[in-house]
Amino acid sequence: MKYNLPIVLLCLLCTSCYHAYYAPNTAHVPLLSQKGEAKLTAAIGTGANTEATSGEVQLAFAATKNLGFMVNGFTASQSEETEDNHEKGSGSYIEAAPGLFMPISRNGKWRGELYAGAGTGSVTNNYGIPSSSKVGVTKAFLQPAIGYKSSYLEVAFTPKVSFINWKVKEDRVQADRDSYDKTDVDYISQHPRFTAFEPSLIIRAGGENVKGQLGITYSSTNIKGYELTEELLLTIGISLGFGQKNK
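The structure displayed is predicted, hence computed values, not measured ones. (Residues numbered from 1 in each chain as written. Predicted model: local features only at pLDDT ≥ 70, side-chain atom pairs only at ≥ 80, totals over all residues. Heavy atoms only, no water.)

### Quick notes on the nonpolar core
Next up, step 1: Of all hydrophobic cores here, the largest spans 16 residues; its most connected members are Tyr21 and Trp166.
Next up, step 2: Among the elements of the structure, strand 7 (110-128), strand 8 (131-149), strand 9 (153-171), helix 1 (179-190) and strand 10 (193-206) are those that each provide at least two residues to this core.
Next up, step 3: In contact with Trp166, other than residues within four places in its own chain, are Tyr21, Tyr22, Val135, Gly136, Val137, Ile188, His191, Pro192, Phe194, Ile223, Leu228 and Thr229.
Next up, step 4: Membership of the second largest hydrophobic core comes to eight residues, among which are Leu32, Met70, Ala97 and Phe101. (Core = buried A, V, L, I, M, F, W, Y, C linked by side-chain atoms within 4.5 Å. Buried < 20%, exposed > 50% of the residue type's maximum accessible area, 1.4 Å probe, protein only. Helix = DSSP H or I, 4+ residues; strand = E, 2+ residues; numbered from the N terminus. Contact = heavy atoms within 4.5 Å.)

Laid out in structure tokens, this is it:
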């Protein structure tokens, strides 16, 4: 039995007989609406397959009335005692993107966005001493989004598309003991590029400047026959708004 795990990590990790090498981060859809507005979000979450614990920090800023910038960081880890070994995995990822935002309804509550960016990170898996691997991850992504924004509720959806590149930086997997893991790392070396369709639903509710956030992100890749990535990330967090002036 095997499993998988990104990011955007980015990426990551392992459960009992399961190691993953990529997991999606939560798509950042800030729904900025005016120059000088900023949004800071912090969230924790878990992968549905791997059950890895994740943490995220997201920052967005509106430089003009239609131009925004975002920077996002993601990390995840997990460890588990198996029958023979203490296995663990960890990963981290950071990305940045410029983007455009604008109202798409007359009252300005419905908004459209388009961000395009790139990120980098790595995931380390320990399969039991001395067997381990380290895989670097780089990613480019295109993130169109549509959302509803009021003083107390924000709902957004994005059909995000990511283009991921793996690079095996360390391969100390023992083929005689870890046949599944050796097969996975060899596959990554031979097929370092793949595409992921990563739709996300983001819901924020609360006060004008402080809202709770729920994020659901699904990741579907074009990798066939191998379980190497996390498919579903669930996160909860808090979102803080700054610089928004009521008109």
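What follows continues from the structure just given.
### Section: the pairing of strand 13 (residues 232-242)
Next up, step 1: Pairing between strand 3 (residues 38-47) and strand 13: 10 bridges, direction antiparallel. Considered in strand 13, the bridge of Ala42 is made with Ile238.
Next up, step 2: In this structure, strand 11 (residues 210-218) lies alongside strand 13, joined through nine bridges in antiparallel fashion. Along strand 13, the bridge assignment pairs Leu214 with Ile236. (Pairing = 2+ DSSP bridges.)

### Observations concerning the environment of Ser131
Next up, step 1: Locating Ser131 in the fold gives a position in strand 8.
Next up, step 2: Judged by relative accessible area, Ser131 falls into the buried class, the value being 2%.
Next up, step 3: Residues Ser131 and Val173, spaced 42 residues apart in sequence, show a C-alpha to C-alpha distance of 4.7 Å.
Next up, step 4: A polar contact of 3.3 Å, which involves the side chain of Ser131, links it to the backbone oxygen of Arg172. (Polar contact = N/O pair within 3.5 Å; in protein donor to acceptor, adjacent residues only side chain to side chain.)

### Focus on the packing of aromatic side chains
Next up, step 1: Taken as a whole and assessed by the stated rule, the structure comprises four aromatic pairs.
Next up, step 2: Ring pairs connect the aromatic residues Tyr22, Trp166 and Phe194, which therefore count as one cluster.
Next up, step 3: Geometry around Phe141 places Lys160 over its ring, the cationic atom sitting 4.5 Å from the centre. (Phe/Tyr/Trp six-rings, centres within 6.5 Å; stacked < 30°, edge-to-face > 60°. Lys NZ or Arg CZ within 6 Å of the ring centre and 35° of its normal.)

### Let's talk about the pairing of strand 9
Next up, step 1: As judged from the 14 bridges shared by strand 8 and strand 9, these two strands associate in the antiparallel manner. Bridge pairing in strand 9 places Lys134 opposite Glu170.
Next up, step 2: Here strand 8 folds back onto strand 9 in antiparallel fashion, the turn holding three residues.
Next up, step 3: In this sheet, strand 10 lies alongside strand 9 in antiparallel orientation, the contact comprising 13 bridges. If you follow Ser162 over to strand 10, its bridge partner there is Ala196.

### Topic: unusual backbone geometry
Next up, step 1: Positive phi is not limited to glycine here, since Leu31 has a value of about 55°.
Next up, step 2: By secondary structure assignment, the location of Leu31 is in the loop between strand 2 (18-19) and strand 3.
Next up, step 3: Among the residues examined, Leu31 registers a relative accessible area of 1% and is labelled buried.

### Focus: the pattern of salt bridges
Next up, step 1: Tallying each qualifying case throughout the model produces seven salt bridges.
Next up, step 2: Across the pair Lys182 and Asp171 runs a salt bridge whose closest N-O atoms are separated by 3.1 Å. Taken together, the residues span a long stretch of sequence, with Lys182 in helix 1 and Asp171 in strand 9 at a distance of 11 residues.
Next up, step 3: Ionic contacts of the salt-bridge type, sharing partners, join the residues Lys39, Glu154, Arg204 and Lys211 into one network. (Salt bridge = Lys/Arg side-chain N within 4 Å of Asp/Glu carboxyl O.)

### Things to note about the confidence of the model for the chain
Next up, step 1: In the predicted model, the chain carries a mean pLDDT of 88, and 88% of its residues have values of at least 70.
Next up, step 2: Per-element confidence in the chain is highest for strand 10, whose mean pLDDT is 98, and lowest for strand 1 (residues 14-15), whose mean pLDDT is 38.
Next up, step 3: A low-confidence stretch, residues 1-17 stays under pLDDT 50, and its non-local contacts, those more than four residues away or across chains, total 118 contacts. (pLDDT = per-residue confidence, 0-100.)

### Regarding the environment of Glu95
Next up, step 1: Its place among the elements puts Glu95 in strand 6 (residues 86-103).
Next up, step 2: Residue class for Glu95 comes out buried when judged on its relative accessible area of 2%.
Next up, step 3: Sequence separation between Glu95 and Gly73 is 22 residues; the distance between their C-alpha atoms is 6.6 Å.
Next up, step 4: A polar contact is formed between the side chain of Glu95 and the side chain of Asn25, at a distance of 3.1 Å.
Next up, step 5: Reaching out from Glu95, the side chain makes a polar contact with the side chain of Asn72 at a distance of 2.8 Å.

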